[in-house]
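# Inside the fold
Chain residues, written in single-letter form:
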Amino acid sequence: VTAAGETIGRLVEAAREADTDIRESISGLRESLSEGGFFAALAKYLCQYEKNCAIRVALEKPEGISDAVFEPIVAVQLLRILQEALTNVRKHANAQRVHIRFALENDGGPRQWACVIVRDDGCGFDASALSDKSGGHFGLRVMQERVEAVGGQFTLHAQPGRGTTVVIRVPVRLAGDTEPQMRKIEHG
C-alpha cells in the first residue's frame, strides 16, 4: 500500500508537470510577432511566465535595440530560444530569479550582433558532464540548432550551486541588408 501511494504521488506530480508544459507551450505558440513585434511579444510572454511560474524575470535592453534590428526569421527563432531557456529554468534550476540582458556587439568586422544573456540564480549543474551521447538535454540541443540556423552562436556556462548562464549571439540587420544570414537546421 505504501509503494502504491508513492507511485500515485509520482504520477500526480508527473501529470501536473505535463499540464504546466502544455500550458506553457500553448502560451508560447500564441505569441505573435506581427501584433506588436519581438519585444512586445517577449514582454507579454515574460509577464505570463512570472505569473504562472512564480519566478521573477528582469529584462534589460539598451535603447539602441529595437524590433527593427532583427530579420523576421531571427526574431521568431530568438523568441522560441528564450522560451525554451525559461522552460529549462522552470523545470530544472529551482531558481527564484532570471535576468535577461540584451546588448549590441561589433566583432571588428562588418557584422553586428545582438548578444542575449539569460542568467538564473538556480542550482546550476555540471556542464562538463553533458554529452551528445546521453540522449537527454533535448531543449539545449534545440536552442543550439535554432541559434546556428540563423548564423548565430550559443554558449552555456553552468556550475553546481552557481546557477546557469546561456549566451546567445545572433546577427542583426544592417542598413542595406537584403538577405537574412541563416542556415538550414540539420536533423539527424
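On a predicted model such as this, the values are computed, not experimentally measured, just so you know. In this numbering scheme, every chain counts its residues from 1 along its sequence in written order. Local features are withheld for residues below a pLDDT of 70 in this predicted model, meaning they are given only at 70 or higher, and side-chain atom pairs are given and counted only at 80 or more; totals for whole chains, interfaces and linings count all residues. For the side-chain quantities, the full set of heavy atoms in the structure was used; hydrogens and water were omitted.

Here a pair means two rings of Phe, Tyr or Trp (six-membered ring of Trp) with centres within 6.5 Å. Their orientation is stacked below 30 degrees between planes, edge-to-face above 60, and tilted elsewhere. Across all of its chains, the model carries 6 aromatic pairs by this definition. Arranged with centres 6.1 Å apart and planes meeting at 45 degrees, the rings of Phe39 and Phe70 form a pair that is tilted. Of this pair, Phe39 sits in helix 3 (residues 38-53) while Phe70 sits in the loop between strand 1 (56-60) and helix 4 (72-93), placing them 31 residues apart in sequence. Any residue under 20% of the maximum accessible area for its type is buried, any over 50% is exposed, and the rest in between are partly exposed; the area is computed with a 1.4 Å probe on protein chains only. For Phe39, a relative accessible area of 11% puts it in the buried group. Judged by its relative accessible area of 3%, Phe70 is buried. By way of ring pairs, the aromatic residues Phe38, Phe39, Phe70 and Phe102 are connected into one cluster. Whether a charge sits over a ring depends on NZ of Lys or CZ of Arg being within 6 Å of the ring centre and within 35 degrees of the ring normal. Lying over the aromatic face of Phe39, Lys61 brings its terminal NZ or CZ to 4.8 Å of the ring centre. Think of it this way: any DSSP run of H or I at least four residues long counts as a helix, any run of E at least two long counts as a strand, and we number them from the N terminus.

Strand-to-strand pairing in sheets goes through backbone hydrogen bonds, with the strands running parallel or antiparallel. Strand pairing requires that DSSP identify at least two bridges connecting the strands. Strand order in the open sheet formed by 5 strands is 1-2-3-5-4, with mixed pairing between adjacent strands. Of all strands in the sheet, those with a lone pairing partner are strand 1 and strand 4 (153-158), marking the two edges. Averaged over all pairs of adjacent strands, the angle between their axes in this sheet comes to 15 degrees, without regard to strand direction. By the bridge criterion, 9 bridges tie strand 2 (residues 97-106) to strand 3 (residues 112-120) in an arrangement that is antiparallel. Bridge pairing in strand 3 links Arg101 to Ile117. Any pair of residues with heavy atoms lying within 4.5 Å of one another is described as a contacting pair. Lines fitted to C-alpha atoms define the axes here, with helix axes fitted over just the stretch in contact, and angles between the N-to-C directions of these axes take values from 0 to 180 degrees. Sheet strands in contact with helix 5 (residues 138-149) are strand 4 and strand 5 (164-171), and its direction is about 150 degrees off that of strand 4.

The axes of two packed helices give the description: the angle between them and the distance between them. Interaxial distance between helix 4 and helix 5 falls to 10 Å at its minimum, and their mutual angle equals 160 degrees. As far as their axial angle goes, helix 5 and helix 4 are roughly antiparallel. In this structure, helix 4 crosses over helix 5, and the sense of that crossing is left-handed. Of the residues in helix 5, those in contact with Gln77, Arg80, Ile81, Glu84, Ala85 and Asn88 of helix 4 are Gly139, Leu140, Met143, Arg146 and Val147. Gly counts as polar in this scheme, as do all residues outside two lists: the nonpolar Ala, Val, Leu, Ile, Met, Phe, Trp, Tyr, Cys and Pro, and the charged Asp, Glu, Lys and Arg. Here the contact of helix 4 with helix 5 is built from residues that sort into 5 nonpolar, 3 polar and 3 charged. Orientation is classified from the angle alone, with under 35 degrees giving roughly parallel, over 145 giving roughly antiparallel, 65 to 115 giving roughly perpendicular, and any other angle giving oblique. Put simply, a crossing is left-handed when the front helix is turned counterclockwise from the back one by less than a right angle, and right-handed when it is turned clockwise.

Right, let's get into the confidence of the model for the protein chain. The score called pLDDT rates the predictor's confidence residue by residue, from a low of 0 to a high of 100. Residues of the protein chain with pLDDT of at least 70 account for 79%, and the chain-wide mean is 83. Taken as a whole, residues 178-188 scores under 50 in pLDDT and shows 19 contacts with residues more than four places along the chain or in a different chain.

Turning our eyes to something else, we now look at the pattern of salt bridges. Here, a salt bridge means any Lys or Arg side-chain nitrogen found within 4 Å of an Asp or Glu carboxyl oxygen. Evaluated as defined, the whole model comprises 2 salt bridges. The residue Glu71 makes a salt bridge to Arg173 at a minimum N-O spacing of 3.6 Å. With a gap of 102 residues between them, Glu71 in the loop between strand 1 and helix 4 and Arg173 in the segment after strand 5 connect regions that are remote in the sequence. Residue Glu71 is classed as buried on the basis of its relative accessible area, which comes to 11%. For Arg173, a relative accessible area of 33% puts it in the partly exposed group. For Glu105, the salt bridge is made with Arg169, and the minimal N-O distance between the two is 2.8 Å. Note that Glu105 is positioned in strand 2 and Arg169 in strand 5, a separation of 64 residues in sequence. Arg169 gets classed as buried once you look at its relative accessible area, which sits at 17%.

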